[in-house]
Amino acid sequence: MDSPLWDMPNVIATPHVAGNPANCTQRVFTIIEDNIERFLKRQPLQNVVDLQRGY
């Protein structure tokens, strides 16, 4: 939280994802599809970023 990188306009922070688990692409699209349905029904989404926790 106290890193100077957070306030730099020329820095984009992204998650580090290691490995390539089986069916990763399929799982991502399953979550996206489910979230679209949830969004249209005004239901809570999966995997929402928690800005209070800093990520």
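Parameters at a glance
- Residues numbered from 1 in each chain as written.
- Predicted model: local features only at pLDDT ≥ 70, side-chain atom pairs only at ≥ 80, totals over all residues.
- Heavy atoms only, no water.
- Helix = DSSP H or I, 4+ residues; strand = E, 2+ residues; numbered from the N terminus.
- Rg over C-alpha atoms; globule rule 2.2 N^0.38 Å.
- Buried < 20%, exposed > 50% of the residue type's maximum accessible area, 1.4 Å probe, protein only.
- Areas by Shrake-Rupley, 256 points an atom, 1.4 Å probe, with all protein chains shown as cover.
- Lys, Arg positive; Asp, Glu negative; His and termini not counted.
- Charge placed at Lys NZ, Arg CZ, Asp CG, Glu CD.
- Patch = residues over 30% accessible without salt bridge, like charges linked within 9 Å, V, L, I, M, F, W, Y side chains within 5 Å.
- Salt bridge = Lys/Arg side-chain N within 4 Å of Asp/Glu carboxyl O.

Trainee: Describe the overall build of the chain, and please don't skip the residues or the numbers.
Mentor: What the chain contains, in helices and strands, is one helix and zero strands. Whereas a compact globule of 55 residues would reach a radius of gyration of roughly 10 Å, the chain reaches 15 Å, over 25% beyond that. With the C-alpha coordinates of the chain rotated into their principal frame, the extents come out at 40 × 30 × 20 Å. Relative to its full complement of 55 residues, the chain shows a buried share of 2%. In the form shown here, the chain has an accessible surface area of approximately 5,600 Å², with 59% of it arising from carbon and sulfur atoms. When the 5 basic and 6 acidic side-chain charges of the chain are each reduced to a single mean position, those positions are 9 Å apart.

Trainee: Can you break down unusual backbone geometry residue by residue, with the values?
Mentor: Within the chain, Asn 23 stands out as a residue other than glycine whose phi angle is a positive 60°. Tracing the backbone shows Asn 23 in the segment before α1 (24-40). The backbone of Asn 47 shows a phi angle near 55°, a positive value even though the residue is not glycine. Mapping Asn 47 onto the fold places it in the segment after α1. Of the residues examined, Asn 47 reaches a relative accessible area of 62% and is grouped as exposed.

Trainee: Give a description of a nonpolar patch on the surface that names residues and reports values.
Mentor: Together, Val 28, Phe 29, Ile 32, Ile 36, Phe 39, Leu 40, Leu 45 and Val 48 give the surface a local cluster of nonpolar side chains, amounting to about 810 Å² of exposed area. For Leu 40, the position within the fold is in helix α1.

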